[in-house]
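Architecture and fold: a report
Take a look at the letters that make up each chain.
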Amino acid sequence: MKRDLLSAFDMKDDLEQIIDLSINLKKRRYDYEPVLARHILGMIFEKQSTRTRVSLETAIEQLGGHAIYLNPNDMQVGRGETVADTARVLSGFVDFISYRAYSSENVAELARNASVPVINALDNKEHPVQIVADFMTMKEKFGKLKGLKLAYVGDGNNMANSLIAGASILGVDVSVGAPHGHKPDSSIVQRANELAKKNGSKVEILDDPMEAAENADAVYTDVWVSMGEEAEKKEKERQFSGFQVNDSLMSKAKKSAIFMHCLPAHRGLEVSASVIDGPRSIVFQQAENRLHTAKAILLTLHKSMHTHS
Ligand code: CP
Ligand code: NVA
């Protein structure tokens, strides 16, 4: 059965399994069987990308397949061909489609009309592939996930939404410190609350970044101005001025706490250089883990195509 990865909640039954597979794949970087030989990944990017593009492309190549980078400006979709028709056409050529889009509705529309697995490579609402690498990195660092506390400080954006969803699946406590008007998506928080209850953890949405960071095992932040929000730059930088992750904020977390960021980062805005370039930062391990998790995601979605349910 075809399986898509549009939201972190789409991994509610096997997120930790995907993480464990990623850890395993990391040990066998070049000696994994080319199980995706002759398989093609079509990658549509409406926005810029370094990590997502290169990790997905490298992942499929190392598994024996090939990737085609698709810029919508060069495609007929850029001249008005519908997303639905694009999905049907691409499904006749490729085995997976990844899509980085402005609108989560477009990602859902593509998935509905594609007969091959669709991977959300970031939209305005979620960034599900990133959080697999994030929780993998936490598991590598702490040897477990259940019972840990993740503090997310800053914009209640796509990253915050997917982290909240992922934490609730994994039994990780999550505290978000975000300013008024920039809280995470309420329907995601509601669903995460239900899942967290089942999995023995909690979701807290707070106004105070210091309170959110208290006793955390990991402190996470993301840009204040996401792609597509450039016009709000001045206003957002003003609203988020008290939300920088710096040494004073890190001192609220556990002594053993790590600093995380999906990257790209802006030193002096959402994070001080002393923190991101300091000894507690594991941001480049997170970035590398995008490769291993990309492989695990491709393998998991591929497997679903050959399983009936
Ligand atoms: N973290 C992340 O998704 O980075 P890119 O925008 O470079 O893909
Ligand atoms: N929130 C950021 C994440 C970038 C990986 C954005 O959407 O631009």
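Residues numbered from 1 in each chain as written. Chains lettered and ligands numbered in written order. Predicted model: local features only at pLDDT ≥ 70, side-chain atom pairs only at ≥ 80, totals over all residues. Heavy atoms only, no water.

Quick notes on the site of ligand 2
The environment of ligand 2 is made up of L122, N157, N158, D222, V223, S226, M227 and L263. Measuring from an oxygen atom of ligand 2, one finds a side-chain N or O atom of N158 at 2.8 Å. M227 places a polar main-chain atom, nitrogen or oxygen, 2.8 Å from an oxygen atom of ligand 2. Protein contacts shield 95% of the accessible area of ligand 2, which totals 270 Å² for the unbound molecule. Its residues placed into classes, the shell around ligand 2 shows four nonpolar, three polar and one charged. (Near = heavy atom within 4 Å. Polar contact = N/O pair within 3.5 Å; in protein donor to acceptor, adjacent residues only side chain to side chain. Areas by Shrake-Rupley, 256 points an atom, 1.4 Å probe, with all protein chains shown as cover. Nonpolar A, V, L, I, M, F, W, Y, C, P; charged D, E, K, R; others polar.)

Section: the pattern of salt bridges
Within the structure shown, the criterion is met by 19 salt bridges. In this structure, D31 and R28 form a salt bridge, with 3.8 Å as the shortest nitrogen-oxygen distance. Accessibility expressed as a relative area gives 29% for R28, which makes it partly exposed. One salt bridge in this structure joins K254 and D217, with 2.9 Å as the shortest N-O distance. A residue pair is termed long-range when its members are at least 10 positions apart, and K254 in the loop between α10 (247-250) and β9 (258-261) and D217 in the loop between α8 (209-213) and β8 (218-221) qualify at 37 residues. Shared partners join several salt bridges into a network, and the residues in it are E16, D20 and K139. (Salt bridge = Lys/Arg side-chain N within 4 Å of Asp/Glu carboxyl O. Buried < 20%, exposed > 50% of the residue type's maximum accessible area, 1.4 Å probe, protein only. Helix = DSSP H or I, 4+ residues; strand = E, 2+ residues; numbered from the N terminus.)

Brief notes about helix α6 (residues 158-170)
End to end, α6 covers 18 Å across 13 residues, agreeing with the expected 18 Å (1.5 Å per residue, within 8%). Most of α6 is tucked away: 13 of the 13 residues are buried. Put simply, N157 is the residue that caps the front of α6, since its side-chain oxygen is 3.0 Å from the backbone nitrogen of M159. (Expected span 1.5 Å × (residues − 1).)

Observations regarding the site of ligand 1
Within the structure, ligand 1 sits among S49, T50, R51, T52, R100, H127, Q130, C262, L263 and R290. A distance of 3.0 Å separates a nitrogen atom of ligand 1 from a polar atom in the backbone of C262. Between ligand 1 and L263 there is a distance of 2.9 Å, counted from a nitrogen atom to a backbone nitrogen or oxygen. Contact with the protein chains covers 95% of the free accessible surface of ligand 1, which is 260 Å².

What to know about the nonpolar core
Core analysis: the largest hydrophobic core is formed by 61 residues, its most contacted members being F135, M138 and L150. In terms of residue count, the dominant contributor to this core is α6 (eight residues). Here L150 is in contact with F135, M138, L163, V172, D173, V174, S175, A218 and Y220, once residues within four sequence places are set aside. (Core = buried A, V, L, I, M, F, W, Y, C linked by side-chain atoms within 4.5 Å. Contact = heavy atoms within 4.5 Å.)

What to know about helix α5 (residues 128-142)
At 3.6 residues per turn, the α-helix brings residues three or four places apart onto the same side. Helix length check: α5, at 15 residues, gives a terminal C-alpha distance of 21 Å against a target of 21 Å (1.5 Å per residue), a fit within 8%. For α5, the complete set of buried residues consists of P128, V129, Q130, I131, V132, A133, D134, F135, M136, T137, M138 and K139. G143 lies just past α5 and shows a positive phi near 75°.

As for the environment of V118
Relative to the elements of secondary structure, V118 occurs in strand β4 (residues 118-120). Considered as a pair, V118 and G42 are 76 residues apart in the sequence and their alpha carbons are 9.6 Å apart. Leave out the neighbours within four places in its chain, and V118 touches K2, R3, D4, L5, L6, I97, L110 and A111.

By themselves, these figures tell us nothing about what the structure is for.
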